[in-house]
Amino acid sequence: MSTPDWRDVLPVPPPGGQLLEAWLTSFEDPDAGLLVEYLLPSLLGASHSLSQEVQERALFFGELGTALERLRGRITVISSPPRVVRELSQYPWLWRYVSHFIVGANSRAVQHAKLWAFHWKVGDEELLALHVSSTNLTTSAFKKQIQACWQVSVCLSKRATVNARRPWGEFVPFLEALGTSAGAVATERLERLITLLGRAECPDDITFVASIPGGKSAARQLKQFEPSEIHVLTPTIGEWNDQAVDSWSTDAGVAPGKLHLKWIATSHPWAKNSGWTLSESAGKALEASGVLIERLPNAARFTEEHREADPRWSHAKLYLLRSRRKRRLLVTSANWSVAAWGAGKTAPHNFELGVLFESEWTNLESIDEPFAPPDTVPFYVDRADEEEERASTLEWAEASWDGKFLHLSARSLDSTTPITAVVNFSGGAEAPVSLASGVGALPWKDPERTPLAARFSQGGETLEVDVIDLRPPSDFSKTPLPEVDPALAKVLREAFLLQRYGGPVVDADSIPGLGAASRPIGTAVPTDYSVQAWLDARAAFSVVDSWRDALDEAKSEPLTLERMRQDGEELRALYTRREGPAASLVVEELRWRLDEKA
Amino acid sequence: MANDLSPHAPQRAWYFTAPWDPVPIRRGDALGFRAGADYFADLLAPGLSNNTADARWISILSWCLQWSHAAWRSAGGGDISRRDDQRARYAWLRPLELLWVDRTLEAGQDTGQLRGRRSVERWRKADRRLPNFAMTPDQFRRYRQVGTYGAYRVVLRTVSGLTTGDGWTPDDTALKLAALVNDTLPRAARLKQEHFENGTKWGVWNQERHAEYWVKQGWTGWATIGGFLPTPDDALRNQLPEEERHILEPAIFAAGSTRRVSAEVLAGAKTAKTHAELCDALAASTTLLTKIKPASLAPLPAFTRFADAATHAMRGVWSAINQDDAKQAPNVDELARSTEIRERLERLRELGATWLRAPGRSTFPHEHVATRLAETMQAAGTTTEQLRALSRHHHEHGGGRRWFREQAGKLVPLVADTGIAATDYRFRLRPLARLAAQCGAANMNNALDAISQQEPDDEEADAL
């Protein structure tokens with residue numbers, strides 16, 4: 001891993017890979033448009049595209065909706081609490097399928113790590129892919145910024161062992177703390193990831209460097225490498241003072257005079273946007289402490305492929321540790337600030353995650369041009385730090401729905417002012433709820449008008465969160481597919497169900513109402529009825545065999561097993577409506593299998 | 001470098017992210033009229049799609065289908081009933097589509113329907129060495145829908161004789177076209193069945209190396225120039241060579257077929273100057289009515305005018321919202337004071353009233369969305385109320401990402417720009433007229449003049 005690659009930001013499945021579970025973290029509120037239109041179709045290997053053709057569009061949402069339904073409870077997004085009024089969401093229904101949690105359940109916290117973890121099934125193998133980067137789940141992060149990423153893919157053994165977790169070092173406590181901070185449901189989700197780490201062999205020449213809010217200064221994790229100097233390239237620099245710099249450098253084991261901060265001049269193209277931030281007071285304090293502030297030339301490029309005409313600005317956070325014999329690079333989410341790292345007795349405020357590894361990449365080190373006023377002047381700007389904490393007493397909230405009740409929880413530093421919430425439902429309805437001692441509940445059973453978001457208020461403070469849908473699969477299946485004509489939803493759902501178990505390919509021609517004659521999905525045009533009956537029977541039993549195999553495979557996973565049983569019930573209902581001896585036999589077979597597995 | 005992960009070899013990398021050039025998402029149904037427009041399009045031009053713009057591509061794709069079929073079968077393919085089987089089948093076809101784009105560029109032709117052109121140009125600049133024709137994995141995956149085969153799949157599936165009905169297996173007409181295309185190619189670029197029968201290690205190429213197979217072994221002469229190419233833009237009204245027309249015309253415009261009758265009505269509408277006037281002619285045709293009954297085209301003229309007025313009003317509002325970069329959420333009352341917006345909304349209201357009186361409205365299965373907008377516009381007494389009614393309709397009935405939304409008395413933009421979304425609702429008259437002209441079914445010049453107003457040439461051509 002000496003030199004960096006130049007890769008597409010959008011993650012893709014391994015060849016033949018099927019997504020089993022995903023965990024994604026972001027500082028900023030995740031952009032539902034990015035997920036629905038790009039990220040999830042890519043991860044799911046979708047066959048259809050979001051087109052303006054009505055047929056293709058219906059197939060796209062039918063495919064996406066049914067695929068996400070299969071993965072419900074298996075795609076987890078954790079972010080910071082939104083700091084500003086949230087923008088109107090284009091696809092608010094997404095959060096029915098993808099659980100979105102925020103941190104701060106136990107104490108104030110900022111979620112600034114950018115971790116993507118994907119559990120893949122490829123043939124008989126299982127893989128865990130980890131991506132540690134500076135990439136938020138927003139369109140601007142994908143399109144307008146250059147990110148630095150570290151990625152690994154490891155095969156999973158059949159069983160987990162506690163010992164196998166140890167080499168993952170700070171990564172495991174980081175995940176445990178993140179789960180605790182994001183609430184009980186998130187904790188369960190992250191425990192599954194930790195279990196997978198126990199089934200994977202950690203690469204032996206990497207070290208995770210993690211910050212946990214309220215924990216020890218993360219800079220101490222660097223000291224073991226005995227750095228003689230550290231080169232820092234991050235777009236946001238905290239409000240350093242002499243004491244903080246001294247503490248951080250002591251923690252990291254390197255003198256302030258051996259800290260090289262790479263920074264831009266006022267003439268640099270990146271100074272034109274709001275991405276790079278260093279206040280003049282912090283800049284002066286760093287200089288006074290002996291930190292070397294070195295100019296990043298306007299023409300500097302990260303790799304050969306990085307072109308001058310590239311309009312994006314760097315959001316990468318890189319630290320190069322030079323010791324007597326080695327250079328190590330840290331690819332991380334952490335800007336250089338006390339909030340990200342902590343310093344001395346001051347604990348970090350943020351969740352941050354990075355990976356440190358040996359590297360021969362020297363570009364960062366070789367950038368050492370001095371500023372030469374008045375031609376080149378450091379770019380100083382005073383603006384709100386991107387990690388600046390929400391100055392709110394209402395620090396955390398969660399809303400979840402189990403199909404019977406909507407459960408609301410909130411945590412506030414203000415124990416006297418009452419907390420209320422307004423729940424938004426699909427279709428535009430709203431319902432108020434009052435919380436007592438930080439909790440509240442609302443009876444709600446309507447599967448067609450599902451709760452989407454809850455806006456908590458306390459005095460002048462507000463905090464909006466997406467509702468986490470915890471309904472069992474049988475209840476969830478009563479909710480219509482999103483963005484699809486309700487008249488088509490049922491037939492699309494059945495078509496994709498059959499396709500999932502090896503039935504016919506879903507195409508516009510096979511969907512009545514989308515272009516096909518009203519003939520049951522998966523049956524051919526009858527020409528010779530005896531041959532046709534045999535073909536129908538063979539196709540139907542092939543579907544049942546695939547479903548049974550999936551059921552057997554899911555027996556150790558209660559959530560998946562429940563979903564498979566639900567699929568079985570839906571297949572039985574589908575074939576019950578069909579005529580002919582093949583359908584009757586299939587119904588009989590399914591009934592027997594479902595009773596047997598009950 | 002592909003961002004793939006092998007199941008057996010643990011892979012590790014660190015990297016910077018390359019510029020992300022996503023396949024654009026078309027946001028073309030701002031008012032929810034698309035289903036209605038498609039309904040009329042299916043009546044008038046069944047079996048075509050909006051992107052069926054060049055009959056020559058039907059010939060070329062027939063050639064691609066024939067030879068990709070040969071390779072796929074030789075590589076062990078046989079069943080295409082399941083999703084994964086169809087993916088495997090398409091993997092052999094996609095490189096041929098893109099090599100035809102490369103071949104066209106190699107010949108110095110840079111217009112015509114060249115889907116994937118941007119990527120192929122990058123690929124050419126890199127000495128044709130980059131994998132997947134210089135597309136990212138996501139672009140390569142999506143090419144099936146936005147590529148040339150995706151644009152013509154409906155035709156290939158529905159026009160009798162092109163395929164056996166599955167969209168993949170070439171039938172008599174496609175085989176004749178394929179033979180014709182092959183015969184026009186220089187000898188070095190022609191393919192023969194024997195190429196697929198001698199000692200190829202198909203197992204190797206089947207491992208996601210389909211493009212490499214065609215370039216290195218299957219069609220090494222693809223860049224030898226000569227013979228048929230996609231039609232350049234300035235020749236789209238010209239007839240194709242006679243031998244090609246003789247195969248295509250009876251397949252696409254069989255005597256007495258709906259497509260033929262629609263094309264003849266369009267050709268006969270000599271006085272029509274606009275798209276709406278062409279719709280008048282179509283709605284007045286008794287021959288066409290006989291072909292499509294019990295459905296009716298009676299509401300088409302009112303529908304198309306109402307839809308155009310609504311799109312025109314939406315464009316006006318959008319333009320007013322985006323006039324000032326610094327202040328992009330103007331007050332509704334303030335917007336309503338704009339003369340231009342007032343005029344556009346008033347026009348929409350008038351045409352809404354016409355729509356509500358339109359003959360045969362109740363026979364139109366998708367009438368409720370248009371009727372809803374017309375009724376709310378009638379009920380809105382002031383420009384401010386009309387603006388609110390339009391905004392609400394857009395939010396409740398529009399498809400895909402919404403352009404703007406009223407929030408606390410202001411119209412807040414929700415997307416960076418609408419781009420192609422601002423195109424009018426159309427009924428596939430342009431592809432129908434173009435194909436009819438190329439096949440020599442009728443003289444379509446007047447109809448094409450009337451149609452070619454604001455419509456973009458190929459809506460998804462620049463996607464990749």
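Since we're looking at a predicted model, the values are computed, not measured. (Residues numbered from 1 in each chain as written. Chains lettered and ligands numbered in written order. Predicted model: local features only at pLDDT ≥ 70, side-chain atom pairs only at ≥ 80, totals over all residues. Heavy atoms only, no water.)

Caption draft 1: Broad picture of the side chain of Asp102(B). Residue and element names in this part refer to chain B. Position of aspartate 102 relative to the elements: it lies in helix 3 (residues 83–106). Overall, aspartate 102 belongs to the buried group, its relative accessible area being 0%. Polar contacts involving the side chain of aspartate 102 include one to the side chain of tryptophan 222, which spans 2.6 Å. Discounting residues that sit within four places of it in the chain, aspartate 102 has contacts with Val120, Trp123, Arg124, Arg128 and Trp222. (Helix = DSSP H or I, 4+ residues; strand = E, 2+ residues; numbered from the N terminus. Buried < 20%, exposed > 50% of the residue type's maximum accessible area, 1.4 Å probe, protein only. Polar contact = N/O pair within 3.5 Å; in protein donor to acceptor, adjacent residues only side chain to side chain. Contact = heavy atoms within 4.5 Å.)

Caption draft 2: Molecular detail of the environment of Trp248(A). All names here are of chain A. Relative to the helices and strands, tryptophan 248 is located in helix 9 (residues 242–252). According to the relative accessible area criterion, tryptophan 248 is buried, its value standing at 0%. For the pair formed by tryptophan 248 and valine 338, sequence separation is 90 residues and the distance between their alpha carbons is 8.0 Å. Once residues lying within four places of it in the same chain are set aside, the contact partners of tryptophan 248 are Ala219, Leu222, Ile230, Trp240, Leu259, Trp336, Trp341, Gly342 and Ala343.

Caption draft 3: Molecular detail of the nonpolar core. The biggest cluster of nonpolar side chains holds 139 residues, and the ones touching the most others in it are Phe33(B), Trp63(B), Trp100(B), Trp214(B), Trp219(B), Phe427(B) and Met444(B). With 13 residues, helix 14 (residues 300–321) of chain B is the largest single contributor of residues to this core. Discounting chain neighbours no more than four positions away, the residues touching Trp219(B) are Trp63(B), Leu96(B), Leu99(B), Trp100(B), Arg103(B), Ala189(B), Leu191(B) and Trp214(B). Core analysis: the next-biggest nonpolar cluster, separate from the first, contains 97 residues, Leu193(A), Ala200(A), Val232(A) and Trp336(A) among them. (Core = buried A, V, L, I, M, F, W, Y, C linked by side-chain atoms within 4.5 Å.)

Caption draft 4: Region of the structure containing the packing of aromatic side chains. As enumerated under the stated definition, the model contains 58 aromatic pairs over all chains in all. Measuring from centroid to centroid gives 4.2 Å for Phe302(A) and Phe16(B), while their planes differ by 5 degrees, and the two rings are stacked. Of the two residues, Phe302(A) sits in the loop between strand 13 (292–295) and strand 14 (313–314) while Phe16(B) sits in strand 1 (residues 11–17), which places them in two different chains. Grouping residues by exposure puts Phe302(A) and Phe16(B) together as buried. Taken together, a centroid distance of 5.5 Å and an interplanar angle of 45 degrees make the contact between Tyr39(B) and Phe364(B) tilted. One end of the pair, Tyr39(B), is in helix 1 (residues 34–44); the other, Phe364(B), is in the loop between helix 16 (339–356) and helix 17 (367–379), and 325 residues separate them in sequence. Looking at Phe364(B), the relative accessible area reads 2%, which means it is buried. The structure contains a cluster of three or more aromatic residues connected by ring pairs, namely Phe33(B), Tyr39(B), Phe40(B), Phe303(B), Phe306(B), Trp355(B), Phe364(B), Tyr425(B) and Phe427(B). The ring of Phe228(B) is capped by Arg56(B), whose NZ or CZ atom sits 3.8 Å from the centre of that ring. The cationic tip of Arg103(B) hangs over the ring face of Trp100(B); the distance from NZ or CZ to the ring centre is 5.1 Å. (Phe/Tyr/Trp six-rings, centres within 6.5 Å; stacked < 30°, edge-to-face > 60°. Lys NZ or Arg CZ within 6 Å of the ring centre and 35° of its normal.)

Caption draft 5: Region of the structure containing the confidence of the model for chain B. All names here are of chain B. Summary statistics for chain B give a mean pLDDT of 89 and a share of 91% for residues scoring 70 or more. Low pLDDT, under 50, characterises residues 1–8; the predicted model gives this stretch 30 contacts beyond four residues in sequence or across chains. Predicted complex metrics record ipTM = 0.93 and pTM = 0.83. (pLDDT = per-residue confidence, 0-100.)

Caption draft 6: Spotlight on the interface of chain B and chain A. On the chain A side, the residues contacting the 57 residues of chain B number 81 residues. Of the roughly 6,300 Å² buried where chain B meets chain A, counting both sides, 52% is carbon and sulfur surface. It is Trp14(B), Phe16(B) and Trp20(B) in chain B that bury the most area against chain A; as a group they hold 17% of the surface buried on that side. Of the charged contacts in the structure, one is a salt bridge between Arg12(B) and Asp205(A), with a shortest N-O distance of 2.5 Å. At the junction of chain B and chain A, the tally comes to 18 residue pairs in polar contact (both at pLDDT 80 or more). For the side of chain B that touches chain A, the secondary-structure elements that each account for two or more residues are strand 1, helix 1, helix 3, helix 5 (137–146), helix 6 (148–158) and strand 2 (404–407) of chain B. (Buried area = accessible area lost by both parts, 1.4 Å probe. Salt bridge = Lys/Arg side-chain N within 4 Å of Asp/Glu carboxyl O.)

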